[in-house]
Amino acid sequence: MTLREEQEKVQTAMNAALSGLREDPWLARRVLANAKGENVVVKKISVSMVIAIALVLLTVTGALAAALGLFGRLSQEPRGDSRLSAVDKVAENIAMEWTTKDGITIRIEQAYYEGNRVFMAYRMTGNWNETALHEGTPDEKIKWIWEEPDMIAAKTMISDIPERQRAIQQLDGSGQRWIATLDIGLHDGLSLADGTYLDIIGGDNIVQSDGSVIGWKECEIPEDCLRDTLTFQAKLYRIRSIMCQDGDTYREAAEQGESTTFAFTLKQNHDLTCLRGSGKGRDYTASAELAAGQIDLRGKITVTCPASWIQAWKAWENPENLDIIAGWALCRNSAVIDEDGVQSIALNKENKLVFEVLFDSVDDVNNLALAPVYQDQQPRMSEAILLKAE
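As the structure is a prediction and not an experimental result, all values here were calculated from the model.

The next thing to look at is the overall build of the chain. Assigned secondary structure in the chain consists of 8 helices and 23 strands. Counting the 390 residues in the chain, one finds 39% classified as buried. In the chain, once contacts between residues fewer than 6 apart in sequence are set aside, the share between residues at least 24 apart is 62%. Just so you have it, the chain exposes about 22500 Å², and 49% of that area is on carbon and sulfur atoms.

Moving on: the layout of surface pockets. Empty space among the atoms becomes apparent when a probe as large as a water molecule is rolled across them. Volume-wise, the largest pocket comes out at about 690 Å³. Lining the largest pocket are 31 residues, with Trp-128, Asp-160, Asp-183, Asn-205 and Tyr-237 sitting closest to its centre. A per-element tally of the lining of the largest pocket places strand β9 (residues 200-207) first, with 7 residues. Around the second largest pocket, the lining is made up of 23 residues, and of these Asn-116, Glu-223, Ala-291, Arg-298 and Gly-299 lie nearest the centre. Of all elements in the fold, only β14 (273-280), β15 (285-292) and β16 (296-304) reach the threshold of two or more residues within the lining of the second largest pocket. Broken down by element, the residue count for the lining of the second largest pocket peaks at 6 residues, all from β15. A per-class count over the lining of the second largest pocket returns 7 nonpolar, 7 polar and 9 charged.

With that settled, consider helix α8 (residues 307-315). Two residues of an α-helix separated by three or four positions point the same way, owing to the 3.6 residues in each turn. Within the span of α8, buried status applies to Trp-309, Ile-310, Ala-312 and Trp-313. Buried residues of α8 fall within an arc of 160 degrees about the axis and therefore sit on the same side. Where the residues of α8 are buried, they touch β16, β19 (342-348) and β20 (352-360). Two residues or fewer after α8 comes Trp-316, characterised by a positive phi angle close to 55 degrees.

It is worth spelling out the side chain of Arg-164 at this point. Positionally, Arg-164 belongs in helix α7 (residues 162-168). Looking at Arg-164, its side chain comes within polar contact range of the main-chain oxygen of Glu-130, at 2.9 Å.

Judged from the 3 bridges that link them, strand β5 (residues 146-148) and strand β12 (residues 249-256) form a sheet pairing that is antiparallel. Among the inter-strand pairings, Glu-148 is bridged to a residue of β12, identified as Tyr-250. Bridge count for strand β11 (residues 229-246) against β12 is 8 bridges, and the pairing is antiparallel. Residue Ile-239 lies in a different strand from β12, and its bridge partner there is Gln-256.

All right, on to the packing of aromatic side chains then. Summed over the entire model, instances satisfying the criterion amount to 7 aromatic pairs. Relative to Trp-309, the ring of Tyr-284 lies with its centre 6.1 Å away and its plane at 40 degrees, an arrangement referred to as tilted. Here Tyr-284 is found in the loop between β14 and β15, whereas its partner Trp-309 is found in helix α8, with 25 residues between them in sequence. We note Arg-380 situated over the ring of Tyr-374; from NZ or CZ to the ring centre the distance is 3.7 Å.

Moving on, we come to the pairing of β16. Bridge count for β15 against β16 is 8 bridges, and the pairing is antiparallel. Across the sheet, Ser-287 pairs through a bridge with Thr-302, a residue of β16. As consecutive antiparallel partners, β15 and β16 are separated by 3 residues. Judged from the 9 bridges that link them, β16 and β20 form a sheet pairing that is antiparallel. By the bridge assignment, Gly-299 is partnered in β20 with Val-357.

This next bit is on the sheet that holds β16. One open sheet accounts for 6 strands, arranged β19-β20-β16-β15-β14-β23; its pairing is antiparallel. Edge strands, defined here as strands with exactly one partner in the open sheet, are β19 and β23 (388-389).

We now examine unusual backbone geometry. Glycine aside, residues mostly have negative phi angles, and peptide bonds mostly take the trans form. One non-glycine residue, Ala-95, lies in positive phi territory at about 50 degrees. Note on placement: Ala-95 falls in strand β1 (residues 92-99). Residues other than glycine seldom take positive phi values, yet Gln-377 does so here, at roughly 65 degrees. For Gln-377, the location among the structural elements is in the loop between β21 (368-373) and β22 (385-386).

Enumeration over the complete set of coordinates arrives at 21 salt bridges. A salt bridge links Arg-107 to Glu-109, with the nearest nitrogen and oxygen atoms 3.1 Å apart. The network of salt bridges with common partners includes Asp-81, Arg-83, Arg-117, Glu-218 and Asp-296.

Another point: the sheet that holds β1. Strand order in the open sheet formed by 5 strands is β1-β2-β3-β10-β9, with antiparallel pairing between adjacent strands. On the outer flanks of this sheet lie β1 and β9, each paired with one strand and no other. Adjacent strand axes in the sheet meet at a mean angle of 15 degrees, parallel and antiparallel pairs treated alike. Pairing of strand β2 (residues 105-114) with strand β3 (residues 117-125) involves 9 bridges; the strand directions are antiparallel. What sits directly across from Glu-114, in β3, is Arg-117.

What counts, and where the lines are drawn
Residues numbered from 1 in each chain as written. Predicted model: local features only at pLDDT ≥ 70, side-chain atom pairs only at ≥ 80, totals over all residues. Heavy atoms only, no water. Helix = DSSP H or I, 4+ residues; strand = E, 2+ residues; numbered from the N terminus. Buried < 20%, exposed > 50% of the residue type's maximum accessible area, 1.4 Å probe, protein only. Contact = heavy atoms within 4.5 Å. Areas by Shrake-Rupley, 256 points an atom, 1.4 Å probe, with all protein chains shown as cover. 1 Å grid on protein atoms, 1.4 Å probe; cavity = no way out; pocket = protein on both sides within 12 Å on 5 of 7 lines; lining within 4 Å. Points joined across faces, edges and corners; volume = space filled by probe spheres on them. Nonpolar A, V, L, I, M, F, W, Y, C, P; charged D, E, K, R; others polar. Arc of directions from axis to C-beta. Polar contact = N/O pair within 3.5 Å; in protein donor to acceptor, adjacent residues only side chain to side chain. Pairing = 2+ DSSP bridges. Phe/Tyr/Trp six-rings, centres within 6.5 Å; stacked < 30°, edge-to-face > 60°. Lys NZ or Arg CZ within 6 Å of the ring centre and 35° of its normal. Salt bridge = Lys/Arg side-chain N within 4 Å of Asp/Glu carboxyl O. Axes fitted to C-alpha atoms, helices over the stretch in contact; angles between N-to-C directions.

Rendered as structure tokens:
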């Protein structure tokens, strides 16, 4: 059922449940009577009506939640990526589930393959982490991978796992204590069937109140590996670690366990529009190349500029107070759509800056432009680069 059909269903249910309610003439009479100091007969709402309204509200909430996939739900998280609501509308409902021998269940809910990127939304349940606090030091001979004198774990380390955070607080340097941990989760990146690794360029994972984990990944596919149909692999890792505090010395050891692979296949969306443009300012020239798809508007802006700009970015200092470009705003007809989409800045040679930009998707690619943003944080419309579709 589409979102529009869900909304119509909800509206019909509300109309049916509340069809008996009309404008209340008693309200006006109560206001006037109160003004005159008169006693008012109170018109009470029945218990059955209260229940009916409550059921309608539950229906509305449930229907709206049902209309969203996991990408849509993740977009509403406090640190959610705004693009995920667009991914939710076009992603394939994979709904593939696996349970490992040690009781971890991985469910890939949705996935989407567009251009040179793949998106995946997943859910993980089971005992994916363990923490055990011990007194003294480990008995067996441990091969420490990290040893740091004058370091107290309780003062320098934190964990978002409550049980582990409480254990870390016991590594306070007052004696000898150690923690044995087990962590199970999905690797950051994905891979292709031939083992080619796909770097992660976006994603998050969020622990739910029931202990499960929901998350998403955005990974980049090498250009020479692109095909109409690709099989992707997500890999589950297992790591056992020891965190040891011996007085004021901290030591750590880790051992990687067995991994489990889960595969799914997707068809590529080719519906991309290439946008190009060029422009110049007093001290620079620039060329832009972006791709507009179902999810976002993404690309690069290459700026040929004075060497002093490069030095300022290298040093992260601008003692001469140079008026250099700090970002780029997306505009339409001289109105700003997105204030700054810069994701990274690469220093290419002695006189070139490469800005990687990412903006939310747009319904119409006509009349778009990129305006440079200088130190005053204001887009300079007089130097905007007009983008044209090819």
